[in-house]
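What follows is the residue order along each chain.
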Amino acid sequence: MSPRWPLARVGTALLALLGAAAPAGAHNGESGSGSAPRVPPTLGPPAAGPQEPVHPAAPRPTPTTGGVGEGWRRWWASQAHLLAPRRGPVVTGGGPGDPGSSPPPKGRTIEDATGIEVVPTLLWALAPRRDFDTNVVCACHLALGKVARRASEVEVLFDAAVRTDTADGEAATAVLALGLLRRSTPEARFDGATIARARRTLLHVLDDEKMPTNTRSTAALALGLLADQGCDAPDPVARDLFDRLRASWAADEIPISIVVALSRYPAEALGSDVLEGLRRLALTGGGTARRAGDALRAHALVAWALATPSPSPPVLLSTVVSARAGDGLRLGATVALGLRASALPTPLRVEAARRVRAVTEAQTARAGLRPVGWIALARLAAADVADRSGHVLDDAGVADALVEALEDRHLDARPYALFALALAGRRVEPAPEVRSWAELRTRALKRLRELARDDGGAAESKGAYLVALGLLDDESSSPMFCERTRPGSGAETPRGWACEALGLLGRASPPALTALGDVAGEARGDGWVRSKAVEALGRMGAARDAAVRLGEELGTRGPTWRVAHLATALGASGRVEAVEPLVRCVHDAATKDDVRAAACAALGRLCDPEPAPSVTRVLEAVAELPGNAAVAGLLEGL
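Residues numbered from 1 in each chain as written. Predicted model: local features only at pLDDT ≥ 70, side-chain atom pairs only at ≥ 80, totals over all residues. Heavy atoms only, no water.

## Here we look at the overall build of the chain
Working step 1: Tallying secondary structure elements over the chain gives 32 helices and 0 strands in all.
Working step 2: Across the 638 residues that make up the chain, the buried fraction comes to 59%.
Working step 3: Here the contacts in the chain between residues at least 6 apart in sequence split such that 73% fall between residues at least 24 apart.
Working step 4: Summed over its atoms, the accessible surface of the chain is roughly 23,200 Å², and 53% of this surface lies on carbon and sulfur atoms. (Helix = DSSP H or I, 4+ residues; strand = E, 2+ residues; numbered from the N terminus. Buried < 20%, exposed > 50% of the residue type's maximum accessible area, 1.4 Å probe, protein only. Contact = heavy atoms within 4.5 Å. Areas by Shrake-Rupley, 256 points an atom, 1.4 Å probe, with all protein chains shown as cover.)

Now the structure itself:
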C-alpha cells in the first residue's frame, strides 16, 4: 500500500476487500448438489459450504506478503506491534514536566475519555437517522469493537453483523468488530455471556449462504481472535469449526480462514482428534469433501505446528526439502519451523537451519521461497541465541547466509533479508554472551549503515534499511535518521521511515524530539510522513505538543486528503489531548464523510486498550503464507 495514496483509498482498502463479493442473494454454487442445509449455528453437523470461487483456477501459491513490490510493508505492519510494542504511556494528562498549550485537566486519562466521550460519539454516528456514508459506518464498527467496555455498547454490532440488506462492507466490519472484542487482560474481558453470544453470531454468519464469501471468511477469522477469551477443553466451538472443513466447499477461500482461526486455539482447546485432523489435512490433503489445495494445506501445517505441544521435527524437516510436497506446503513447513524454533533442541535447530538454507539458496529462479526462508533462518538463530548458543549462526552458516542475502539479485526480496538480519541481531538479554551473535551484529550494522547512506537504489529499499537499523536499536544511526527526516533529504517515503526508525529507538534525545517535532508541525507536509513522526513521538511518550497543534489544525478544515491525514496522525499520538478535536470533528455537520471516517478510525486506534492491536494476533502466523481475500484485506488494512 503506497503511503502517498489519498486517505480515502487507504482507509477503505480493507472495507473494499472485505465487501468485494457477489450480491447477497446470489447463489454461489457448490461441488455436489443443491444448496446447503440449514443447521444450528453451534454444536451440530458441519454446514455445507457453497461459495463463489475468487479465482476460476487455484492460484500458484506465493507468500501473501512476500517477494514482490511493496509487500514488505504488509509483513512489517503485521509484525511491528509484536516486535516493537509502544513505548511511553497511553494514559496521559497534565503530568509534571510535560508542558503544552491548553493542557487537559490534571489526571484526565484516555480510559476516562473513552467512556465519557468516545463510545457515545461512535454510537451517535451509528444511529440510523444519521445516514452517514458506508465508510463512516464501517470505521465506527471497527472502532467500537476496539474500545467498547460494556455489553450494552456493542448491541449495534450484533445487529449489523447478521444483516444482508446493507451496503457492501458494513456487515463484514461488524463481523470483524465482534472479534475485536478480544481483550488480552482477563479483568478487562467481556462477560462470558457476551463472548458466547459473539461466537454464536459469528458461526451463524459463517453458515449463512446469503452472506458474501469474504464476510463469511471474516467471521471465521474473528472466531480465531476470540480463541483466547476463555474456553472449555476441548472447546466445542473449535470442534464446530473443524467439522465445517468437511463440507463441500467449492473453493478454499473460507476453509483457509477456518484453519487460520484454529491456529489461534491452544492444544487443549482443540483436542487430540482435531490436531490429528489438521496434520492429516496438511500432509495428505484429505479429511475434506474435496482435495485441499496447497494454500489450505500450508495453513493446516502451520496450525498443527503451532498448536501441538511437541511438533514432530521429522515431519517439518522432510516437508521442507520434499520436491513432491509443492511450493505451498514447503512454505508452510518453513514458516512452522521458524515459529516453533524455541521448542526445538539445538541439534534440531541446526539441522532445520541447514535444510531451510539449502532450499532457500536453491531457488535461484523462484524468489517466492527466499523471503520466507530468510525470516525462518532468523527465527531459528534468535531462538538459539536466547538459549545462549551460537550453533545455528556458526554450524549452519546462517550468519553468512543472512549477510550475503543483502546482495540478492531479486531487489523486491531484499527487504526481507534486512528484516531477517534485524530479527537475528536484535539485542535480547543473553545475546551479548554469545560471540557469534556479536560478530553477526557487527557485520550487519556495518553493511546496513552503508546501504542506508547510499543515495542509489529504490526509495522503498531505503525505507526498509532505516526500519531494520531502528529495530536493531542502532543508536549511532540516530543522527542519520534525524538528517533523513528533514525536507529536501530525498523522497517523502524514506522521510517517513526515518521517523519510524527514531520511534523504534525510543530515545527522547533533544535532536530526535526536534526533528520529529518539526516534521509533525509541517502544516502542508505529506500526511503519511507527519503521522509517522507523531507515532514516533507517541512511542517516546512525547507527543503532547504535536497532538495539541494537530488538534487545532484539524479544526481549520482544508482539502479532504490533508485533513483526513491529520485525523490519522492524531490517532497515532497516544495522547488524551487528541480526543476532543477528533470527537468534535465527528460531530461537526460541515465535516466531509471521508474525514469523519478517518476521525472515527483514529478514535479506535487512540483508545484501543490492547498493547498490540488484536488483529495482529491472528495475522502473526499467516503473513508469510498464501492467503485469501479476507486475510489480504486485514493485511492491507493494518
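## Focus on the nonpolar core
Working step 1: Ranked by size, the top nonpolar core spans 211 residues in total, and within it Trp76 and Leu582 carry the most contacts.
Working step 2: Counting residues per element, this core draws most heavily on helix α17 (residues 369-386), which supplies 11 residues.
Working step 3: With sequence-adjacent residues up to four places away left out, Leu582 is seen in contact with Leu554, Ala567, Leu570, Gly571, Ala599, Ala602, Leu603 and Leu606. (Core = buried A, V, L, I, M, F, W, Y, C linked by side-chain atoms within 4.5 Å.)

## A few points about the environment of Ile195
Working step 1: Along the chain, Ile195 falls in helix α7 (residues 192-207).
Working step 2: On a C-alpha basis, the gap between Ile195 and Leu226 in space is 7.8 Å, while along the polypeptide they are 31 residues apart.
Working step 3: Look past the residues within four positions of Ile195 in its chain and what remains in contact with it is Phe190, Leu226 and Gln229.

## A word on the side chain of Arg349
Working step 1: Topologically, Arg349 is positioned in helix α16 (residues 346-362).
Working step 2: Among the polar contacts listed, one links the side chain of Arg349 to the backbone oxygen of Leu344, at a separation of 3.1 Å.
Working step 3: Here Asp384 takes part through its side chain, which lies 3.0 Å from a polar atom of the side chain of Arg349.
Working step 4: Excluding residues that lie within four positions of it along the chain, Arg349 makes contacts with Ala341, Ser342, Leu344, Leu380, Ala383, Asp384, Asp387 and Val392. (Polar contact = N/O pair within 3.5 Å; in protein donor to acceptor, adjacent residues only side chain to side chain.)

## With respect to unusual backbone geometry
Trans is the common state for peptide bonds, and a negative phi is the common state for residues other than glycine.
Working step 1: We note that Arg388 has phi near 60°; this positive angle belongs to a residue other than glycine.
Working step 2: You can see Arg388 is positioned in the loop between α17 and α18 (391-394).
Working step 3: Residue classification places Arg388 among the exposed positions, given a relative accessible area of 53%.
Working step 4: A positive phi angle, close to 60°, is found at Asp473, a residue other than glycine.
Working step 5: Mapping Asp473 onto the fold places it in the loop between α22 (459-471) and α23 (478-484).

## Observations regarding the packing of helix α26 (residues 527-539) against helix α28 (residues 560-571)
Working step 1: For the pair α26 and α28, interaxial distance at closest approach is 8 Å and the crossing angle is 15°. Classified by the interaxial angle, the pair formed by α26 and α28 is roughly parallel. The handedness of the crossing between α26 and α28 is right-handed. Contacts between α26 and α28 involve Gly527, Trp528, Arg530, Ser531 and Val534 on the former and, on the latter, His565, Leu566 and Ala569.
Working step 2: Here the contact of α26 with α28 is built from residues that sort into 4 nonpolar, 3 polar and 1 charged. (Axes fitted to C-alpha atoms, helices over the stretch in contact; angles between N-to-C directions. Parallel < 35°, antiparallel > 145°, perpendicular 65-115°, else oblique. Left-handed = near helix turned anticlockwise from the far one by under 90°. Nonpolar A, V, L, I, M, F, W, Y, C, P; charged D, E, K, R; others polar.)

## Section: empty space enclosed by the protein
Working step 1: On inspection of all chains with the given rule, the structure shows 4 cavities of 30 Å³ or more.
Working step 2: In this structure, the largest cavity encloses a volume near 50 Å³.
Working step 3: Lining the largest cavity we find Leu245, Ala247, Trp249, Ala251, Asp252, Pro255, Thr288, Ala289, Arg290 and Leu296.
Working step 4: Among the residues forming the lining of the largest cavity, the class breakdown is 7 nonpolar, 1 polar and 2 charged. (1 Å grid on protein atoms, 1.4 Å probe; cavity = no way out; pocket = protein on both sides within 12 Å on 5 of 7 lines; lining within 4 Å. Points joined across faces, edges and corners; volume = space filled by probe spheres on them.)

## Here we look at the packing of aromatic side chains
Working step 1: Taken as a whole and judged by the stated rule, the model has 6 aromatic pairs.
Working step 2: Measuring from centroid to centroid gives 5.7 Å for Trp124 and Phe132, while their planes differ by 55°, and the two rings are tilted.
Working step 3: A residue is classified by how much of its surface remains accessible, and Trp124, at 22% relative accessible area, is partly exposed.
Working step 4: Residues Trp497 and Trp528 carry aromatic rings whose centres are separated by 5.2 Å and whose planes lie at 75° to one another, so their mutual orientation is edge-to-face. With Trp497 in helix α24 (residues 492-505) and Trp528 in helix α26, this pair connects stretches of sequence that are 31 residues apart.
Working step 5: Taken together through their ring pairs, the aromatic side chains of Trp72, Trp75, Trp76, Phe419, Trp497 and Trp528 make up a single cluster.
Working step 6: We note Arg197 situated over the ring of Phe158; from NZ or CZ to the ring centre the distance is 4.0 Å. (Phe/Tyr/Trp six-rings, centres within 6.5 Å; stacked < 30°, edge-to-face > 60°. Lys NZ or Arg CZ within 6 Å of the ring centre and 35° of its normal.)

## Section: the environment of Leu471
Working step 1: With respect to the secondary-structure elements, Leu471 resides in helix α22.
Working step 2: Discounting chain neighbours no more than four positions away, the residues touching Leu471 are Trp76, Leu83, Ala84, Ala422, Arg426 and Leu504.

## Overview of the packing of helix α2 (residues 71-83) against α24
Working step 1: Between α2 and α24, whose axes approach to 15 Å, the crossing angle comes to 20°. What the angle tells us is that α2 and α24 run roughly parallel. Judged by the sense of rotation from one axis to the other, the crossing of α2 with α24 is left-handed. On α24, the residues that touch Trp72, Arg73 and Trp76 of α2 are Thr493, Trp497, Glu500 and Leu504.
Working step 2: Here the residues of the contact of α2 with α24 are counted per class, giving 4 nonpolar, 1 polar and 2 charged.

## Focus on helix α15 (residues 327-339)
Working step 1: The terminal C-alpha atoms of α15, which comprises 13 residues, lie 18 Å apart, in line with the 18 Å expected from a rise of 1.5 Å per residue.
Working step 2: Among the 13 residues that make up α15, 12 are buried, leaving the element largely enclosed by the rest of the structure. (Expected span 1.5 Å × (residues − 1).)

## Digging into helix α32 (residues 629-637)
Working step 1: Burial analysis of α32 places 7 of its 9 residues in the buried class, the great majority of the element.
Working step 2: The N-cap residue of α32 is Asn628: its side-chain oxygen and the backbone nitrogen of Ala630 are 3.2 Å apart.

## Let's talk about the environment of Trp249
Working step 1: With respect to the helices and strands, the residue Trp249 is situated in the loop between α9 (236-244) and α10 (253-262).
Working step 2: Considered as a pair, Trp249 and Arg290 are 41 residues apart in the sequence and their alpha carbons are 7.5 Å apart.
Working step 3: Side-chain polar atoms of Trp249 contact the backbone oxygen of Arg244, separated by 2.8 Å.

## Re the pattern of salt bridges
Any two side chains of opposite charge can pair, so long as their charged atoms come close to each other.
Working step 1: The tally for this structure, following the rule as stated, stands at 40 salt bridges.
Working step 2: Arg584 is paired through a salt bridge with Glu580; the nearest N and O atoms lie 3.5 Å apart. Of this pair, Arg584 and Glu580 both sit in helix α29 (residues 579-587), separated by 4 residues, roughly a single helical turn.
Working step 3: Overall, Glu580 belongs to the partly exposed group, its relative accessible area being 46%. (Salt bridge = Lys/Arg side-chain N within 4 Å of Asp/Glu carboxyl O.)

## Considerations on the side chain of Arg199
Working step 1: Mapped onto the fold, Arg199 is located in helix α7.
Working step 2: Here Arg199 sits buried without a salt bridge, and the closest side chain of opposite charge, Asp235, lies 4.9 Å off (N-O distance).
Working step 3: Setting aside chain neighbours within four positions, we find Arg199 in contact with Leu223, Leu226, Ala227, Gln229, Gly230, Cys231 and Val237. (Lys, Arg positive; Asp, Glu negative; His and termini not counted.)

## Side note on the confidence of the model for the chain
Working step 1: Of the residues in the chain, 83% have a pLDDT of 70 or more, and the chain-wide mean is 83.
Working step 2: Scored below 50 in pLDDT, residues 53-68 shows 40 contacts in the model against residues more than four places distant or in partner chains.
Working step 3: Taken together, the stretch residues 87-105 has pLDDT below 50 and engages in 46 contacts with residues farther than four places along the chain or on a different chain. (pLDDT = per-residue confidence, 0-100.)

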